[in-house]
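# Chain and residue survey
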Amino acid sequence: QVQLVESGGGLVQAGGSLRLSCAASGRTFSSYAMGWFRQAPGKEREIVARISGSGGSTYYADAVQGRFTISRDNAKNTVYLQMNSLKPEDTAVYYCAASPSLVGLRSRPPRVDYWGQGTQVTVSS
């Protein structure tokens, strides 16, 4: 069993930055690919970024490419999402997710074993 707890959300002005963290319990963290998803009001949940278990491979949605960076520290059982140059359209609840498959994170529906509870990110114009 893995529990995921996100933190770092908040209110920021357009152009600003936030760093989200997702702390995982359990001793098998490095065996999971991790992803960050987001869901805006009235919209479907979408994948934002994903990272392999080793951290050697990362992928981004086109909407955030060049502005967001996903990383992980397996010694701390934590995955991060650094968000720069934030835009009002980035406003959403952000969720971290653990999957046995990096490819599975971009499947529809995504193959996710564990979800975090979500953290709100609001970007004002």
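Heads up: these notes are all about the structure in this document. (Residues numbered from 1 in each chain as written. Predicted model: local features only at pLDDT ≥ 70, side-chain atom pairs only at ≥ 80, totals over all residues. Heavy atoms only, no water.)

## Some thoughts on the layout of surface pockets
- Size it by volume and the largest pocket reaches roughly 240 Å³.
- Phe-37, Glu-44, Arg-45, Glu-46, Ile-47, Leu-105, Arg-106, Ser-107, Arg-108, Pro-109, Pro-110 and Trp-115 are the residues that line the largest pocket.
- Its residues placed into classes, the lining of the largest pocket shows six nonpolar, one polar and five charged. (1 Å grid on protein atoms, 1.4 Å probe; cavity = no way out; pocket = protein on both sides within 12 Å on 5 of 7 lines; lining within 4 Å. Points joined across faces, edges and corners; volume = space filled by probe spheres on them. Nonpolar A, V, L, I, M, F, W, Y, C, P; charged D, E, K, R; others polar.)

## As for the nonpolar core
- Residues Leu-4, Met-34, Trp-36, Leu-81, Met-83 and Tyr-94 are the most contacted members of the largest nonpolar core, which totals 29 residues.
- The contact partners of Leu-81, leaving out residues within four places of it in the chain, are Leu-18, Arg-19, Leu-20, Trp-36, Val-48, Ala-49, Phe-68, Thr-69, Ile-70 and Tyr-94.
- With six residues, the next largest nonpolar core counts Phe-37, Ala-97, Leu-102 and Val-112 among its residues. (Core = buried A, V, L, I, M, F, W, Y, C linked by side-chain atoms within 4.5 Å. Buried < 20%, exposed > 50% of the residue type's maximum accessible area, 1.4 Å probe, protein only. Contact = heavy atoms within 4.5 Å.)

## Observations concerning the pattern of salt bridges
- All chains considered together, the criterion is met by four salt bridges.
- One salt bridge connects Glu-46 with Arg-38, and the closest N-O pair in it is separated by 2.8 Å.
- A salt bridge links Glu-44 to Arg-108; its shortest N-O distance comes to 4.0 Å. Remark: Arg-108 occurs in the loop between strand 9 (92-99) and strand 10 (114-115) and Glu-44 occurs in the loop between strand 4 (33-39) and strand 5 (46-51); sequence separation between them is 64 residues. Each member of the pair, Glu-44 together with Arg-108, is exposed.
- By sharing partners, the salt bridges in this structure join Arg-38, Glu-46, Arg-67 and Asp-90 into a single network. (Salt bridge = Lys/Arg side-chain N within 4 Å of Asp/Glu carboxyl O. Helix = DSSP H or I, 4+ residues; strand = E, 2+ residues; numbered from the N terminus.)

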